[in-house]
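Commentary on secondary and tertiary structure
Chain by chain, the residues:
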Amino acid sequence: MSTDVFLQFESEVRSYCRSFPVVFSRAKGAEMWTEDGERYIDFFAGAGALNYGHNPDAIKNKLVEYLQSDEIVHGLDLFTGAKRTFLTALHEKILAPRGLDYRTQFCGPTGTNAVEAAIKIARKVTGRTGIFSFQGGFHGMTLGALAATGNEYNRGGAGVALGNVHFMPYPHGFMGSFDSIEYMDTILSDSSSGYEKPAAMLLETVQAEGGVIEAPVEWLQRLRALCDKHDILMIVDDIQVGCGRAGYFFSFERANIVPDIVTLSKSISGYGLPMAIVLIKPELDKWMPGEHNGTFRGHQLAFVGGAAAIDMWETENIQQQVKEKSEYISEFLTKEIAPLDSKIEVRGIGMIWGVDVSKLDDKGVADKILKRCFDAGLIIESAGRKGQVVKLLPSLTIPVALLKEGCEIVKRAFTAELG
Ligand SMILES: Cc1ncc(COP(=O)(O)O)c(C=O)c1O
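Every chain begins its residue count from 1, and numbering advances along the sequence as written. Local features are withheld for residues below a pLDDT of 70 in this predicted model, meaning they are given only at 70 or higher, and side-chain atom pairs are given and counted only at 80 or more; totals for whole chains, interfaces and linings count all residues. Side-chain metrics in this entry use all non-hydrogen atoms of the structure; hydrogen atoms and water are not considered.

With that out of the way, let us pick up the site of the ligand. Whether a residue is near a molecule or strand depends on its heavy atoms: it is near if one of them lies within 4 Å of it. Around the ligand, the neighbouring residues are Thr110, Gly111, Thr112, Phe138, His139, Gly140, Glu204, Asp237, Ile239, Gln240 and Lys266. Between Gly111 and the ligand, the recorded distance is 2.8 Å, taken from a backbone N or O atom to an oxygen atom. Phe138 is positioned with one of its backbone polar atoms (N or O) 3.5 Å from a nitrogen atom of the ligand. Areas reported here follow the Shrake-Rupley algorithm with a probe of radius 1.4 Å; residue values treat only the protein chains shown as occluding. Considered on its own, the ligand offers 390 Å² of accessible surface; in the complex 83% of this is hidden by protein. Under the convention adopted here, Pro, Cys and the residues Ala, Val, Leu, Ile, Met, Phe, Trp and Tyr are nonpolar, Asp, Glu, Lys and Arg are charged, and Gly plus all remaining residues are polar. Considered class by class, the residues forming the shell around the ligand number two nonpolar, six polar and three charged. Within 3.5 Å is the distance limit for a polar contact, defined as a pair of N or O atoms, with the added protein rule that one can donate a hydrogen and the other accept it, and that residues adjacent in sequence qualify only through two side-chain atoms.

This is the structure we're talking about:
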């Protein structure tokens, strides 16, 4: 299992493979195998792109059938049967039952491109340039999305000034006791505050890369009301915690709010195939033809996978699965991990959970725990400020036995490190 070729030929920008320096060859459900046949349980799920696990048969069969029939694979934004099937499934099974009326924009197939498109249309419609983003938020690596991303290390890679975004306090930590909604209301109402009214507020309802930080329902509802009051668009970036991850198909459902614009990517194709979409309220869909385009904005296999994934969401009652497994993870972390040290903080919702070890004296402890997990056969990553939150992100369909096996590895790693 040589890694020489990667070390010799691949750019230094590579990252996850540094944490998991083996060569993977096969994967199924929540398990992965290396070329040498070593098996790993996957608690990372392609950073949230594999909510339905690796190679789920229900989706794979549809993809194989599609390829076998020589249907069109690359279609720019042409009308195709695959696109019709996906749009119909999205509208009939996801949007309409939730009373959501959105147009779907297909953009370049990365999350960051969806964020770019969302910001652009918000600016175009309102005629304003500013965006309010939130401290700890993560929205992608291209310049517009990066400007709205808090992380210092990522921002440092831009090489140019990142502008037109103001970062507002997210309700967490010290800011949890600070009324950030009232603060925003004040600066938006004060003509001498120095802030111009932004085009949009851009947020994750659960900050994922930011360290698994869930905004309270009441805060989300007040933010929606604040946007209405000041005529500011609300963009929910549901790229990581959408598609069921937070316990509902859309993460904002728990707050019973309707954003003006929603970005989705990662698990929307169901199979880890590249796809990103922007959901836009019809009255805001002021794009001119091709004004935001991209060669790969019509990945037909992703449409096929996405439609099959929406079927799976229903037929396999994934929402209920998430509920049950979420309760298991919550209990496991609260009873088995949190008591190991009073400085540990456990957070999470649905199938995204974090163990925050940032208050421990050893600042490298999260990395050491991740390494122990990997050595014991578990793929798991960190998030948060300086990577000090061990993040559990298994597929939503992970069998309970594997979930428990993975949690046992987590427990052994924490105990060995903190004991
Ligand atoms: C909330 C959120 N927005 C945007 C992105 C960027 O997506 P991509 O890496 O596909 O560009 C991510 C990626 O992790 C994300 O978590």
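Next, the rest of the story.
Before going further, it helps to spend a moment on the nonpolar core. In this structure, Phe43, Met184, Met201, Trp219, Leu223 and Phe250 are the most contacted members of the largest nonpolar core, which totals 90 residues. Numbered from the N terminus, helices here are DSSP runs of H or I no shorter than four residues, and strands are runs of E no shorter than two. With 10 residues, the single largest contributor to this core is helix H11 (residues 300-315). Here this core spans two domains, and each of domain 1 (4-56 + 317-418) and domain 2 (59-315) adds at least three residues to it. Two residues form a contact once any of their heavy atoms are found within 4.5 Å. With residues near it in sequence (within four places) discarded, Leu223 still touches Phe134, Ile181, Met184, Met201, Leu203 and Met234. To define a nonpolar core, start from buried Ala, Val, Leu, Ile, Met, Phe, Trp, Tyr and Cys residues and group those joined through side-chain atoms within 4.5 Å. In this scheme, a residue with accessible area under 20% of its type's maximum is buried, one over 50% is exposed, and one in between is partly exposed, where area comes from a 1.4 Å probe on protein chains only. Core analysis: the second largest hydrophobic core is formed by 25 residues, Ala147, Leu202, Ile235 and Ile280 among them. Note that the domain bounds were set by an automatic or database domain assignment.

So, on to the sheet that holds strand E5 (residues 131-134). One bridge is not enough; two strands pair if DSSP finds at least two bridges between them. Strands sit in the order E4-E12-E11-E10-E7-E5-E6 across an open sheet of seven strands; the sheet is mixed. Each edge of the sheet is formed by a strand with only one pairing partner; in this case those strands are strand E4 (103-106) and strand E6 (165-168). Averaged over all adjacent pairs, the angle separating strand axes in this sheet is 20°, with direction ignored. As paired elements, strand E7 (residues 200-203) and strand E10 (residues 233-237) share four bridges and run parallel to each other. Its bridge partner being in E10, Leu202 is matched across the sheet by Ile235. Its contacts with the sheet put helix H6 (residues 111-126) on E4, E5, E7, E10, strand E11 (261-264) and strand E12 (277-280), and the angle it makes with E11 is roughly 165°. Only C-alpha atoms enter the line fits that serve as axes; for helices the fit covers just the stretch in contact. Angles between N-to-C directions range over 0 to 180 degrees. Each of E5, E7 and E10 touches helix H10 (residues 217-230); the most contacted strand, E7, lies at about 160° to it.

Bringing H11 into the picture now. Here the expected length of a helix is defined as 1.5 Å per residue gap, with one fewer gap than residues. Helix length check: H11, at 16 residues, gives a terminal C-alpha distance of 23 Å against a target of 22 Å (1.5 Å per residue), a fit within 8%. Buried residues dominate H11, accounting for 13 of its 16 residues. Where H11 terminates, the next one or two residues include Asn317, which has phi positive at roughly 40°.

On to the sheet that holds strand E1 (residues 24-28), then. Two modes of strand pairing occur in sheets, parallel and antiparallel, and in both the strands are linked by backbone hydrogen bonds. Spatially, E1-E2-E3-E15 is the arrangement adopted by the four strands of the open sheet, whose pairing is mixed. Edge positions in the sheet fall to E1 and strand E15 (378-379), since each has one partner strand and no second. Helix H14 (residues 400-418) contacts strand E2 (31-34), strand E3 (39-42) and E15 of the sheet and is inclined by roughly 100° relative to E3.

Further remarks concern the packing of aromatic side chains. Aromatic pairing here means that ring centres of Phe, Tyr or Trp (its six-membered ring) are within 6.5 Å. Orientation follows from the plane angle: under 30 degrees is stacked, over 60 is edge-to-face, and everything else is tilted. The full count for this structure, using the stated rule, is 15 aromatic pairs. For the ring pair Phe134 and Trp219, a centre distance of 5.4 Å and an interplane angle of 80° mean the geometry is edge-to-face. In this pair, Phe134 is assigned in strand E5 and Trp219 in helix H10, connecting sequence segments 85 residues apart. As far as burial versus exposure is concerned, Phe134 and Trp219 are alike and both buried. Pairing Tyr170 with Trp219 gives two aromatic rings, centres 5.5 Å apart and planes at 65°, and the pair type is edge-to-face. Of this pair, Tyr170 sits in the loop between E6 and helix H9 (180-189) while Trp219 sits in helix H10, placing them 49 residues apart in sequence. A relative accessible area of 3% means that Tyr170 is categorised as buried.

We now examine the side chain of Gln321. As for its position among the elements, Gln321 is in helix H12 (residues 318-337). A distance of 3.1 Å separates the side chain of Gln321 from the backbone oxygen of Glu316, its partner in a polar contact. Ignoring any residue separated from it by four or fewer positions in sequence, one finds Gln321 in contact with Glu316, Leu396 and Thr397.

The relative placement of two packed helices is expressed as an angle between their axes plus a distance between the axes. Packing of H12 against H14 brings their axes to within 11 Å, and their N-to-C directions diverge by 20°. Here H14 runs roughly parallel to H12, going by the angle between their axes. Where H12 crosses over H14, the handedness of that crossing is right-handed. In this structure, H12 uses Lys325, Tyr328, Ile329, Phe332, Glu336 and Ile337 to contact H14, whose residues at the interface are Val400, Leu403, Lys404, Cys407, Val410, Lys411 and Phe414. Its residues assigned to classes, the contact of H12 with H14 comprises nine nonpolar, no polar and four charged. Put simply, angles under 35 degrees are roughly parallel, angles over 145 are roughly antiparallel, angles from 65 to 115 are roughly perpendicular, and the rest are oblique. Helix crossings fall into two classes, left-handed where the near helix is turned counterclockwise from the far one by less than a right angle and right-handed where it is turned clockwise.

Below, the discussion takes up the domain arrangement of the protein. According to the domain assignment, the protein contains domain 1 (4-56 + 317-418) and domain 2 (59-315). Here the C-alpha centroids of domain 1 and domain 2 sit 25 Å apart. Every contact between the two is made by 33 residues of domain 1 and, on the other side, 35 residues of domain 2. Surface buried jointly by domain 1 and domain 2 totals about 2700 Å² across both partners, of which 51% is contributed by carbon and sulfur atoms. For this document, the term salt bridge refers to a Lys or Arg side-chain nitrogen within 4 Å of an Asp or Glu carboxyl oxygen. In this assembly, domain 1 and domain 2 are joined by one salt bridge. Between Lys391 and Glu209 there is a salt bridge, with its nearest N and O atoms 3.1 Å apart. Broken down by element, the side of domain 1 that touches domain 2 gets its largest block of residues, four residues, from strand E13 (residues 345-349). Partitioned by chemical class, the residues of the side of domain 1 that touches domain 2 number 17 nonpolar, 11 polar and five charged. Buried area is a sum: the accessible area each of two parts loses on coming together, probed at 1.4 Å, counted once for each and added.

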